[in-house]
Amino acid sequence: MGKAGDVRSVWLRPRRATRGEPPLTVTRIVEAAVALLDEEGIDRLTMRRLADRLAVVAPSLYWHVDTKDDVIDLAVDAVFGEVPAGTGHAAHWREDVTTVLTAWRTALLRHPWAAAVPARRRPTIGPNFLAWMEVLQSTLARAGFAGPALSAATWALYNHVMGSASTETALHITDEERRIGQEQLLTHRDRYPTLAANGYLYDDDWTGSFTAGLAYLLDGLEAQLGDRGPR
């Protein structure tokens with residue numbers, strides 16, 4: 001466990017004062033970081049490569065951010081800020097939930113590197129993401145969820161969209177691998193009868209699976225409301 005005084009998140013630390021009006025700003029750093037991450041992925045991001053892209057020396061970055069993790073946190077929140085948060089006032093609460101999760105998924109698929117970041121140990125608490133999370137939780141609260149039920153419903157939906165996006169962006173399989181893999185399943189159909197019969201390795205309708213899975217979750221959540229019904 002970290003010490004009580006340790007604050008790792010860039011969102012929870014006071015911003016360092018700047019000297020004068022330097023040409024380098026947090027906004028410029030984040031824009032360059034998102035572009036670099038889009039082009040080369042998270043494993044290629046270093047402070048030196050980011051500085052080179054900005055045409056500055058690496059130490060100058062540290063007037064604005066403390067670590068590479070700060071840069072990633074800022075970049076992730078910028079991704080969620082590309083689409084303004086909804087209002088949360090649709091006719092039915094399910095519509096608002098669908099709007100939020102669909103927007104999250106779209107943002108993550110547009111920037112595939114971002115899909116793996118939520119699995120890191122640092123919380124996602126940037127203002128753009130929190131605006132969307134506020135819409136989600138207020139919508140669920142309006143529907144009738146409260147206390148532990150509100151938390152459980154929130155995380156079930158969060159995990160669905162994050163898991164869907166991270167799997168779609170991370171899983172890569174060639175047509176030949178599919179063919180050979182499916183042949184092996186058919187050869188061992190006595191052990192994997194359902195997988196062999198349903199073309200497991202050819203199942204890559206990501207959008208269809210996401211949409212159907214979300215509908216299942218919403219059906220289950222609506223059932224949990226019982227007599228209170230949707231609002």
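Rules used throughout
Within any chain, residue numbers begin from 1 and follow the written order of that chain's sequence. Local features in this predicted model are restricted to residues whose pLDDT is 70 or higher, and side-chain atom pairs enter the listing and the counts only when it is 80 or higher, whereas totals over whole chains, interfaces and linings include all residues. Water and hydrogen atoms were dropped before computing side-chain values, which therefore reflect all heavy atoms in the structure. Residues are said to line a cavity or pocket when one of their atoms sits within 4 Å of a point; the points come from a 1 Å grid over protein atoms alone, cavities being sets where a 1.4 Å probe fits but cannot get out and pockets being open sets with protein on both sides within 12 Å along at least five of seven lines. Grid points are joined across faces, edges and corners, and a volume is the space filled by probe spheres set on the points. Under the DSSP-based scheme used, a helix requires at least four consecutive residues in state H or I and a strand at least two consecutive residues in state E, with every element numbered from the N terminus. Think of it in three bands: with a 1.4 Å probe and only protein chains considered, a residue is buried below 20% of the maximum accessible area for its type, exposed above 50%, and partly exposed in between. Patches here: salt-bridge-free residues with over 30% relative accessible area, like charges joined within 9 Å, nonpolar side chains (Val, Leu, Ile, Met, Phe, Trp, Tyr) joined within 5 Å. The Shrake-Rupley method, run with a 1.4 Å probe, gives the accessible areas here. Residue values count only the displayed protein chains as cover. Put simply, a salt bridge is a Lys or Arg side-chain nitrogen that is within 4 Å of an Asp or Glu carboxyl oxygen. In this analysis, axes come from line fits to C-alpha atoms, helices being fitted only over the stretch in contact, and the angle between any two N-to-C directions falls in the range 0 to 180 degrees. Small angles under 35 degrees read as roughly parallel and large ones over 145 as roughly antiparallel, with 65 to 115 read as roughly perpendicular and the rest as oblique. Pairs of residues are marked as contacts when any of their non-hydrogen atoms sit within 4.5 Å. Charged residues are taken to be Asp, Glu, Lys and Arg, nonpolar residues to be Ala, Val, Leu, Ile, Met, Phe, Trp, Tyr, Cys and Pro, and polar residues to be all remaining types, Gly included.

Going by the annotation in an unreviewed UniProt entry, the name recorded for the chain is TetR/AcrR family transcriptional regulator C-terminal domain-containing protein, with Streptomyces johnsoniae given as the source organism.

Student: I keep staring at the layout of surface pockets and nothing clicks. Help me out?
Tutor: The rolling of a water-molecule-sized probe over the atoms marks out the regions of remaining empty space. By volume, the largest pocket amounts to about 250 Å³. Around the largest pocket sit Leu 171, Ile 173, Arg 178, Tyr 200, Leu 201, Asp 203, Asp 204, Asp 205, Trp 206 and Ser 209, which together line it.

Student: Just checking my understanding: could you explain the environment of Ile 180 for this structure?
Tutor: Assignment of secondary structure puts Ile 180 in helix H7 (residues 175–187). When its relative accessible area of 34% is taken as the criterion, Ile 180 is described as partly exposed. Sequence spacing of Ile 180 and Leu 201 is 21 residues, and the spatial spacing of their C-alpha atoms is 9.6 Å.

Student: Can you walk me through a nonpolar patch on the surface in this structure?
Tutor: Judged by side-chain polarity, Tyr 192, Leu 195 and Tyr 200 come together as a nonpolar surface patch covering roughly 280 Å² of accessible area. Relative to the helices and strands, Leu 195 resides in helix H8 (residues 193–197).

Student: Sorry, what's going on with the packing of helix H1 (residues 26–40) against helix H3 (residues 68–80) here?
Tutor: For any two helices packed against each other, one specifies the crossing angle of their axes together with the interaxial distance. Across the interface, H1 lies against H3 with an axial gap of 9 Å and an inter-helix angle of 85°. Classified by the angle their axes make, H1 and H3 are roughly perpendicular. Seen from H1, the contacting residues are Val 26, Val 30, Ala 33, Val 34 and Leu 37; seen from H3, they are Val 71, Leu 74, Ala 75 and Ala 78. Taken together, the residues of the contact of H1 with H3 sort by class into 9 nonpolar, no polar and no charged.

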